[in-house]
Amino acid sequence: MLCQNCGNAEATTHIKRIVNGEASQIHLCYNCAEHLGYANMFSGFGFNISNMLANFFPEFTRALPSVDISERCPTCGTSFEEVVRSGMMGCADCYSVFYDKLKPSLSRIHGRATHVGKSGAFEVAPVESPKFEDTISKLKSDLQAAVDVQNFELAAKLRDEINALEGGTDNG
Amino acid sequence: MAKWYQLQGAENDVVISTKVAIARNVKGYNFTVRLTDDEKYEIADKIDEILDGKLPGKFVSTPMVEVGRDLQISLAERNLVSPEFVSFSEGRTLVTTEDESLSIMVCEEDHLKIQSLLPGLELEKAYELADTLDTILDEDLQFSFDKKLGYLTQCPTNIGTAMRASVTLQLPALSMRGQIPRLANTVAKLGLILSGAYGEADNPIGSLFQLSNQVTLGISEQAAIENLKSISLSIVEQERAQRIELMNSLKFQDVLWRSYGTLKNARVISFGEFMESMAVVKVGVAAGEIAIKNERLNELIFTMQPATLNVEYGQSLDRQVRDAKRAEKIREVFE
Ligand SMILES: [Zn+2]
Ligand SMILES: [Zn+2]
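Conventions used here
Residues numbered from 1 in each chain as written. Chains lettered and ligands numbered in written order. Predicted model: local features only at pLDDT ≥ 70, side-chain atom pairs only at ≥ 80, totals over all residues. Heavy atoms only, no water. Patch = residues over 30% accessible without salt bridge, like charges linked within 9 Å, V, L, I, M, F, W, Y side chains within 5 Å. Areas by Shrake-Rupley, 256 points an atom, 1.4 Å probe, with all protein chains shown as cover. Salt bridge = Lys/Arg side-chain N within 4 Å of Asp/Glu carboxyl O. Lys, Arg positive; Asp, Glu negative; His and termini not counted. Charge placed at Lys NZ, Arg CZ, Asp CG, Glu CD. Helix = DSSP H or I, 4+ residues; strand = E, 2+ residues; numbered from the N terminus. Buried < 20%, exposed > 50% of the residue type's maximum accessible area, 1.4 Å probe, protein only. Axes fitted to C-alpha atoms, helices over the stretch in contact; angles between N-to-C directions. Parallel < 35°, antiparallel > 145°, perpendicular 65-115°, else oblique. Left-handed = near helix turned anticlockwise from the far one by under 90°. Contact = heavy atoms within 4.5 Å. Nonpolar A, V, L, I, M, F, W, Y, C, P; charged D, E, K, R; others polar. Buried area = accessible area lost by both parts, 1.4 Å probe. Donors = N, O, S within 2.8 Å, 3.2 Å for Na, K, Ca; no water. Domains from an automatic or database assignment. Polar contact = N/O pair within 3.5 Å; in protein donor to acceptor, adjacent residues only side chain to side chain. Pairing = 2+ DSSP bridges. pLDDT = per-residue confidence, 0-100.

K.L.:
Is there a simple way to explain a negative patch on the surface in this structure?
P.N.:
All names here are of chain B. A cluster of like negative charges, contributed by Asp-37, Asp-38, Glu-42, Asp-45, Glu-49, Asp-52 and Glu-90, occupies part of the molecular surface. Residue placement: Asp-37 occurs in helix 1 (residues 37-51). Residue classification places Asp-37 among the partly exposed residues on the basis of a relative accessible area of 33%.

K.L.:
Mind showing me how you'd approach the pattern of salt bridges here?
P.N.:
Once the charged atoms of two side chains with opposite charge are near each other, the side chains can pair. The final tally for this structure, using the stated rule, is 19 salt bridges over all chains. Of the charged contacts, one joins B:Lys229 and B:Glu124 as a salt bridge, the two residues approaching to 3.0 Å between their closest N and O atoms. Of this pair, B:Lys229 sits in helix 6 (residues 221-246) while B:Glu124 sits in helix 3 (residues 123-141), and the two are 105 residues apart along the sequence. Close ionic contact of B:Glu237 with B:Arg240 constitutes a salt bridge, the shortest N to O distance being 3.3 Å. Of the two residues, B:Glu237 and B:Arg240 are both situated in helix 6; the distance of three residues between them amounts to about one turn of the helix. Within this structure, A:Lys118, B:Arg24, B:Asp131 and B:Asp134 form a network of salt bridges that share partners.

K.L.:
Looking at this structure, how should I read the packing of helix 7 (residues 250-265) of chain B against helix 8 (residues 271-286) of chain B?
P.N.:
When two helices pack together, their arrangement is given by the angle between the helix axes and by the axis-to-axis distance. Residues and elements named next belong to chain B. At their nearest, the axes of helix 7 and helix 8 sit 8 Å apart, and the two run at 125° to each other. Accordingly, the angle class assigned to the pair helix 7 and helix 8 is oblique. As for the relative orientation of helix 7 and helix 8, their crossing is left-handed in sense. Where helix 7 abuts helix 8, its residues Phe-252, Val-255, Leu-256, Ser-259, Tyr-260, Thr-262 and Leu-263 lie against Glu-273, Phe-274, Ser-277, Met-278, Val-280, Val-281, Val-283 and Gly-284. Partitioned by chemical class, the residues of the contact of helix 7 with helix 8 number ten nonpolar, four polar and one charged.

K.L.:
Can you walk me through the interface of chain A and chain B in this structure?
P.N.:
In many analyses, interface size is given as the accessible surface area lost on bringing the parts together. Contact with chain A, which involves 56 residues of that partner, is made by 75 residues of chain B. Each partner contributes to the roughly 5500 Å² buried at the junction of chain A and chain B, and carbon and sulfur atoms together form 60% of this total. It is helix 6 (residues 99-110) of chain A that provides the largest number of residues to the side of chain A that touches chain B, a total of four residues. Tallied by class, the residues present in the side of chain A that touches chain B amount to 28 nonpolar, 20 polar and eight charged.

K.L.:
For this particular structure, what's the right way to read the coordination of the zinc ion (ligand 2)?
P.N.:
Ideal values for angles at a metal depend on the geometry: 109.5 degrees with four tetrahedral donors, 90 or 180 degrees with six octahedral donors. All names here are of chain A. Within the first shell, the zinc ion (ligand 2) binds the protein through Cys-73 (SG), Cys-76 (SG), Cys-91 (SG) and Cys-94 (SG), at distances of 2.3 to 2.4 Å. In terms of primary sequence, the donors binding the zinc ion (ligand 2) are separated according to C-x2-C-x14-C-x2-C. Relative accessible area serves as the criterion here: at 2%, Cys-73 is assigned to the buried category. With relative accessibility at 12%, the residue Cys-76 sits in the buried group.

K.L.:
Is there a simple way to explain the domain arrangement of chain B in this structure?
P.N.:
All names here are of chain B. Its domain assignment divides chain B into domain 1 (4-243) and domain 2 (250-333). Between the C-alpha centres of domain 1 and domain 2 there is a distance of 26 Å. Taken residue by residue, the interface counts 26 residues in domain 1 and 25 residues in domain 2. Its largest share of buried area at the contact with domain 2, domain 1 owes to Tyr-5, Asp-70 and Glu-77, together 24% of the area lost on that side. In this assembly, domain 1 and domain 2 are joined by zero salt bridges. Summed over the shared surface of domain 1 and domain 2, the result is eleven residue pairs in polar contact (both at pLDDT 80 or more). When residues of the side of domain 1 that touches domain 2 are traced back to their parent elements, those giving at least two are strand 1 (15-24), helix 2 (69-77) and helix 4 (172-176). Broken down by element, the residue count for the side of domain 1 that touches domain 2 peaks at five residues, all from helix 2. Classifying every residue of the side of domain 1 that touches domain 2 gives 13 nonpolar, eight polar and five charged.

K.L.:
Which parts of the structure should I look at to understand the packing of helix 1 of chain B against helix 3 of chain B?
P.N.:
Residue and element names in this part refer to chain B. Two numbers describe how helix 1 lies on helix 3: the axes approach to 10 Å, and their chain directions differ by 115°. When the axis of helix 1 is compared with that of helix 3, the two are roughly perpendicular. Between helix 1 and helix 3 lies a crossing whose hand is right-handed. Residues Lys-46, Ile-47, Ile-50 and Leu-51 of helix 1 form the contact with helix 3, whose participating residues are Leu-133, Ile-136, Leu-137, Asp-140 and Leu-141.

K.L.:
Would you mind showing me how to read the pairing of strand 3 (residues 93-97) of chain B here?
P.N.:
Both faces of the sheet carry side chains from a regular strand, because those side chains alternate between them. Residue and element names in this part refer to chain B. The buried fraction of strand 3 is high, at five of five residues. Taking every second residue as pointing to the same face, both faces of strand 3 are buried, with Thr-93, Val-95 and Thr-97 on one and Leu-94 and Thr-96 on the other. Bridge count for strand 3 against strand 4 (residues 102-106) is four bridges, and the pairing is antiparallel. Looking at the pairing, Leu-94 lines up with Met-105 of strand 4. Hairpin remark: strand 3 followed by strand 4, antiparallel, with four residues in the connecting loop; positive phi at Glu-100, about 65°.

K.L.:
Looking at this structure, I do not really get the sheet that holds strand 3 of chain B. What am I missing?
P.N.:
By definition, the strands of a sheet pair up through backbone hydrogen bonds, in either a parallel or an antiparallel sense. Residues and elements named next belong to chain B. With antiparallel pairing, the eight strands of this open sheet are ordered in space as 2-3-4-5-1-8-10-9. Two strands in the sheet have a free side with no partner beyond their single neighbour: strand 2 (59-63) and strand 9 (192-196). When strand polarity is set aside, the average angle formed by the axes of neighbouring strands in this sheet is 20°. Across five bridges, strand 9 lies against strand 10 (residues 208-213) in antiparallel orientation. Paired with Gly-196 across the two strands is Phe-209, which belongs to strand 10.

K.L.:
What am I meant to see in the confidence of the model for chain B here?
P.N.:
Should the pLDDT be low somewhere, the predicted coordinates at that spot are not to be read in detail. All names here are of chain B. Residues at a pLDDT of 70 or more form 98% of chain B, whose mean pLDDT is 94. Mean pLDDT across the elements of chain B bottoms out in strand 9 (86) and peaks in helix 7 (98). In the model output, the complex is listed with pTM 0.84 alongside ipTM 0.87.

Structure representation (structure tokens):
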């Protein structure tokens, strides 16, 4: 199906909406969806998106890299191929099972960020053992604190440390 | 009982409403795509049990299969559910307070979407309401959470806080002056999205826009809300300044009084025409030239929509009959 906005590219984003008392759907390509502000929302006030593969896993829609896409999550039975095709995880455990494969997509969407904010009362099995990334995220929060109190000397030092650590690995 | 959108809110000359939505998934269940309808109803039952008596204010739980089509669409028109939520009914339940300010969509995209809706700019209060409900439910339901990735959601774009806060803004003056693309670009650099609330994304009816946070991982709920609030307030100021400017133009004054005449006198009016005229009239209200309370106009955004009118009259009205009923209701406000 072609994009209803530009008519040029394959529609990958399907938005349900309510117009004139009736439910309807529009179909957009990735670029138009992004341009029109639909590309990165979960259903807010009026819109919802079905996430098709091209939106969140563009790296897998071209030549598939050397990852085993047939691997399945033992908890829910979802294969990585299904995750890529639907843009959806099958269960909470999928995150730890497919973590390495997801990493490029996650960091494209979220950068190198880790969670801050409210903590749940319970935790699922943690994804990998993030010693190295813990160090970086600690340094980053120290950096922010230093900037907040305008201690720019310390901030510069921390920034160098972070750059050195991040430059030293290639983890996407 | 009055619904939330019938009440007065802060900055309601520009800000129509505030919504905070938090996505959660119950430990021990697959995500929604992998659940049977029975499992989905099981989750809804658990929520009912927990809410029974634990919070002030009564929650009503309604399986969507028991709701008629007009009411389903009306729920979406009033922002209580997403259009996606009413695209099919099986397995889906809506839990809501009587005034509809606090609600849970059960088994939309995630197991729970805890939502609070308030009139005007009320981000802190809306977050507090949703947060309190989340904490109570988490004690028993045990939501899936990972230290590093935060709350785990079906779609990987929403992990982290899994919170989407949004503010609906009516920006007739900024729209008329062609300022929206510039504004959308600016807020995008600040991690927010500005998009049309009804109709086309870049040219929505009634100049109604939604401003929401885009980032969910690496930013706390409080920081996201603070960011959204300060940018909202800055847009409110810009809109107010542009409204004052507009009033200096004779051409605009003509449009204003014609729009006023339409709302005051029309015998048949579509929702689209109502919204366009009402957006213009807002500028006259801001200037003190038209004496109508903003909350009365804002309420009409919700109550004048097609399916919501059908629900009020208890039947699917013919379009022309509905347009006549709408005109009648609007004239009452403009008397
Ligand atoms: Zn397109
Ligand atoms: Zn799984």
